[in-house]
Amino acid sequence: MKKDQFDAIDGNEAAARVAYALSEIIAIYPITPSSNMGEACDAWAAARKPNMFGVVPSVVEMQSEAGAAGALHGAVSTGALATTFTSSQGLLLMIPVMFKVGGELAPVVFHVAARTVATHALSIFGDHSDVMAVRGAGLALLASGNVQEVTDLGAIAHTATLESRLPFVHFFDGFRTSHEILKIRTLSPEQLRRLVDQKHIDEHRSRALSPDRPTLKGTAQNPDVFFQAREASNPWYLAAPDRIQAVMDRFAKITGRGYKLFDYVGHPQAEKVVVMMGSGVGATEEAAEAINAKGGKVGLVKVRLYRPFDPKRFVASLPPTVKHIAVLDRTKEPGSMEPMHLDVIGAMEEAFANDWPRPAQRPRIIGGRYGLSSKEYTSAMAKAVFDELSREKPKNHFVVGIKDDVTHNSLDYDAAWSTEYPETQRAVFYGLGADGTVGANKNSIKLIAENTDMNAQGYFVYDSKKAGSMTISHLRFGPKPIRASCLVSQAQFVACHQERLMQGVDVLKLAAPGATFLLNCLEPKTIWERLPAHIKKSVVEKKLKFYALDAYRVAREAGLGPRINTVMMTCYFHITKLLPGFMDLIKGAIKKSYSAKGEAVVDKNCKAVDDAVSGLIEVKYPTAPVKGGELKSMVSADAPEFIRKTTAELMAYRGDDLPVSAFPADGTFPTGTTKWEKRAIAQRAPKWDTSLCIQCCKCSLVCPHAAIRTKAYPAAQLAKAPQGFVSTDYKGKDFPAGTKFTVQLAPEDCTGCNLCAVNCPGRDKTDPNRKALTMVPLATLMDKEKENFEFFLTLPYPDRRNVAVATVKGSQMLEPLFEFSGACAGCGETPYVKLLTQLLGDRLVIGNATGCSSIYGGNLPTTPYSMNKEGRGPAWSNSLFEDNAEFGMGFRLAMDQQKDYAENLLKRYETKVGKDLAQDILSAKQDDEGGIASQRERIARLKDKLKGIDELPAKDLLQLADGLVRKSVWVVGGDGWAYD
Ligand code: SF4
Ligand code: SF4
């Protein structure tokens, strides 16, 4: 047998490799977190890489997931080996076709990075709610729990679909497995060739639709035969478990890695057993081992083939001694027991009813939920589940991993209980989205995987903001297999690649006592004085070994600009001594990665390696206890209660600690919350020079973040202006003489994207390099402009009736009701959203399409849609990516209907409220700002009058009266924008 080949890859790449090797037609449509599978196949096909059969598969991107499934159906019907990749709503769009391929016994594989289905909120993270939604479609559902299994069970799925004729969903947990990098044994083409039996390919092809031997499929059937014909496929489903197990057994002979439909691990006489599938099994297996090592008797059934569910095999997999079973479902089925819990109860009923081989006594079976939307699931939580099974009256339908203080279903757990092997090295790296930290850590994993016998695992957590986002890399290296798919706690090494991250985040929370802390900062020699108290406190109390360096200086001097990844990676290996000969190995990797970019790039990176440790110092610090050290609240004390108690906790990355009661039951959140999140992420920001400004207001128009604003206001308003507040005489005749004008920066909200300065036309004619806006270091502006911005906000906006709203300048005199979004710095879309809210925001309803616009617009913790001083502003909701036009049409239909009803009621009350008022309201044109303002005044009068009428229709009219002011409905995002 050939020596095993190792590689460090993520779950998506693992699935894509086997799918590509074993397919002829690959129909794709991207959806997070499965997109990388389709993208990888597309790239390989573009590079003319052959599959296992020596041909380049045809990779086709369709118009939607429904289209991809349709193409797949066609391909398999005409005899091709076909596959696709998807997640979440994408999988749901494939359901009709899944019923078809199931009914037609068409062998095909859907690889699914399992992801939460949107309910009260969208989530791109992982759980089993999508695959559970297709469990009735007639497909085999095969679960992989880690990247190694994705490779292995992926290949088994492609083989078993041909042998069983059941179409397969091969799934693994979105992000937790799809994006986890793990050192695995890869499958060689020879191994795949031995696994796939040509006989079954030939049989599949012989069933293909062909005019050479015409047949007909997809008939319409009537009540006389449909039922019987539907039952005709039973033998295939009954035989499938044996056939799939046979493929697994053959796979074990070829690779040495054996799998069972239900794999039991644990004590052979276990009394307590957990049943689960997916990435959580690793943590539970480690917990079971640790409990058994101390004399416990527990075990775990790893469910691999969830459909068809073979009840006999399941029951046989249990130790005969089992007395208590907990079934963990990574999904929620409101109003019902969770699906796998029901399957296990059903299997046990059948076993006892039919006297199958079964446990000696009927076990007590409880069920619980865990890990929704990639909620962390650890061995400590698994231990809590085993502990619960020991109780006389255990909780049924429990949850673990969150605090449920509403229905009181949660299990308490000891977060400090850990099963980490002492030999495993654990490291956590804090960085920023674009600073190369994640890339460097991926390279570190590759280096260790390729050059040592150690196992390696990497997982990367990104925050929701697109500009200035924080990344946390969790790395494990060690001689023993790394099974737990969970975040690192008790890290022996913590690196913070950005000094500013320490201000609001406890970057040392995960540091174990005695760990090493590496910080990239300016002036390392004086860093101790500048450290926030909470960091000092952790360093002293945990007795950390503390290193610091100015990686930006090293990178700059090596010619790499702000890219510090090479420097930080070198320091990591220098300090930890994990990788003997690391300098040469890193340089080798650099040559491999950058040689296509030229010798100069390679040389600069190699210089950075050589110089990296030159500036590294060990920081000696006083060991006296540090006073204080509590993290400051992320928001000011004047923020509303919900912002202080909930939103601020999310901003501080403590959302995991919030209980169920902190959240609205229906997913409704307040708007106008980005203003509380002062991120100060810009390095440089614009400075205004009044003498060069032509007052065009283009700066305000193009700013994607509403971080630079223009306003015209009466001179008298300056009476309370802070010293240094800049203003100038307004140029133009649209406001009275004496009007003042200011271009004001919101320094803590600027992203430094430079768009305002680039687009500013105000130049010095004698020196074109001098402009009305110049980018300068933010630090030089911060304090003054913060004060100025606060004052600027108190200045009144001009009366909208006097503003030429249809001009660039006029529009920028209106209040933006979309501000400080977390969109990418320089976003090209958000200036339009902001302009929309300036023109129509106080009477605007937005039906959003899932995508970028739902992330910058409605991703927790904060939303940029805001309100004016009357409390009016855009109302926003998101349905799906696919249906926002229809969603918006629903808004329009409802509002028109309510307006018609209100008009009818108003006609009935014409006499009581006054004929003139009623007629004025009913005939109001509302086609400009004046018309809208007048209608608002009339509605206010109408409401006053209605308050005095104690009749049901009058109360109805009072409630609906605001609907008589014209509203604007927009659908935003997706393939485009539209309105009515
Ligand atoms: Fe706005 Fe960018 Fe200018 Fe900052 S630099 S004010 S974010 S346009
Ligand atoms: Fe003045 Fe330049 Fe802004 Fe125009 S873009 S208003 S010239 S600062």
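As shown above, the structure is provided for reference.
What comes next concerns the included structure.

Moving on, we come to the overall build of the protein chain. Looking only at helices and strands, the protein chain has 35 helices and 32 strands in total. Taking 30 Å as the expected radius of gyration for a compact globule of 980 residues, we find that the protein chain reaches 32 Å, a close match to that expectation. C-alpha extents for the protein chain along the principal axes are approximately 90 × 80 × 65 Å. Every one of the 980 residues in the protein chain was classed for burial, and the buried ones make up 54%. Within the protein chain, contacts between residues at least 6 apart in sequence are counted, and of these 76% link residues at least 24 apart.

So, about the site of ligand 1. The local shell around ligand 1 holds 14 residues, among which Cys703, Cys750, Cys753, Asn754 and Cys756 are the closest. Residues belonging to the shell around ligand 1 are distributed by class as follows: ten nonpolar, four polar and no charged.

Side chains on a regular strand alternate between the two faces of the sheet. Counting buried positions along strand 14 (residues 364-370) yields six of seven residues, so the element is predominantly enclosed. The pairing of strand 13 (residues 324-329) with strand 14 spans six bridges and is classified as parallel. By the bridge assignment, Leu328 is partnered in strand 14 with Gly368. In this region the chain leaves strand 13, passes through helix 14 (residues 339-354) and returns to the parallel neighbour strand 14; the handedness of that crossover is right-handed.

Taken together, Trp688, Cys693, Ile694, Gln695, Cys696, Cys697, Cys699, Cys760, Pro761, Gly762, Ala772 and Leu773 make up the full set of residues adjacent to ligand 2. Residues of the shell around ligand 2, tallied by class, amount to ten nonpolar, two polar and no charged.

With that settled, the discussion passes to the packing of helix 21 (residues 565-576) against helix 23 (residues 599-611). The geometry of a pair of packed helices is captured by two quantities: the angle between their axes and the separation between those axes. Axis separation between helix 21 and helix 23 bottoms out at 8 Å; the angle between their running directions is 35°. Note that helix 21 runs across helix 23; the crossing there is right-handed. On helix 23, the residues touching Thr566, Val567 and Thr570 of helix 21 are Asn605, Ala608 and Val609. Per-class residue counts for the contact of helix 21 with helix 23 are three nonpolar, three polar and no charged.

On to helix 9 (residues 198-206). Among all positions of helix 9, only His200, Ile201 and His204 are buried. The arc that holds the buried residues of helix 9, viewed along the axis, is 105°, so those residues lie on one side. Where the residues of helix 9 are buried, they touch helix 3 (65-77) and helix 7 (147-164). The opening residue of helix 9 is Asp197, an N-cap whose side-chain oxygen sits 3.0 Å from the backbone nitrogen of Lys199.

Attention now goes to the environment of Asp610. Its place among the elements puts Asp610 in helix 23. Note: C-alpha distance between Asp610 and Gly335 (275 residues apart in sequence) is 62 Å. Once residues within four sequence positions are removed from consideration, Asp610 is found in contact with Met583 and Lys587. In this structure the side chain of Asp610 is engaged in a polar contact, spanning 2.7 Å, whose partner is the side chain of Lys587.

We now examine the nonpolar core. Of all hydrophobic cores here, the largest spans 84 residues; its most connected members are Phe110, Val169, Val275 and Phe314. Contact partners of Phe110, with chain neighbours within four places excluded, come to Leu72, Thr84, Met94, Met98, Val101, Leu139, Phe168, Val169 and His170. Among the nonpolar cores identified, the runner-up in size contains 44 residues, and Phe429, Leu549, Ala555 and Val609 belong to it.

So, on to the sheet that holds strand 12 (residues 305-307). The mixed open sheet is built from seven strands, whose spatial order is 3-2-4-5-7-6-12. Both outer strands of the open sheet, strand 3 (58-61) and strand 12, are each paired with one neighbouring strand and no more. Recorded for the sheet is a direction-independent mean angle of 20° between the axes of neighbouring strands. Both strand 6 (residues 140-143) and strand 7 (residues 168-173) contribute to a ladder of four bridges, which runs parallel. Looking at strand 7, one finds that Ala140 is bridged to Phe168.

Criteria and cut-off values
Residues numbered from 1 in each chain as written. Chains lettered and ligands numbered in written order. Predicted model: local features only at pLDDT ≥ 70, side-chain atom pairs only at ≥ 80, totals over all residues. Heavy atoms only, no water. Helix = DSSP H or I, 4+ residues; strand = E, 2+ residues; numbered from the N terminus. Rg over C-alpha atoms; globule rule 2.2 N^0.38 Å. Buried < 20%, exposed > 50% of the residue type's maximum accessible area, 1.4 Å probe, protein only. Contact = heavy atoms within 4.5 Å. Near = heavy atom within 4 Å. Nonpolar A, V, L, I, M, F, W, Y, C, P; charged D, E, K, R; others polar. Pairing = 2+ DSSP bridges. Right-handed = clockwise from strand over helix to strand, strands pointing away. Axes fitted to C-alpha atoms, helices over the stretch in contact; angles between N-to-C directions. Left-handed = near helix turned anticlockwise from the far one by under 90°. Arc of directions from axis to C-beta. Polar contact = N/O pair within 3.5 Å; in protein donor to acceptor, adjacent residues only side chain to side chain. Core = buried A, V, L, I, M, F, W, Y, C linked by side-chain atoms within 4.5 Å.

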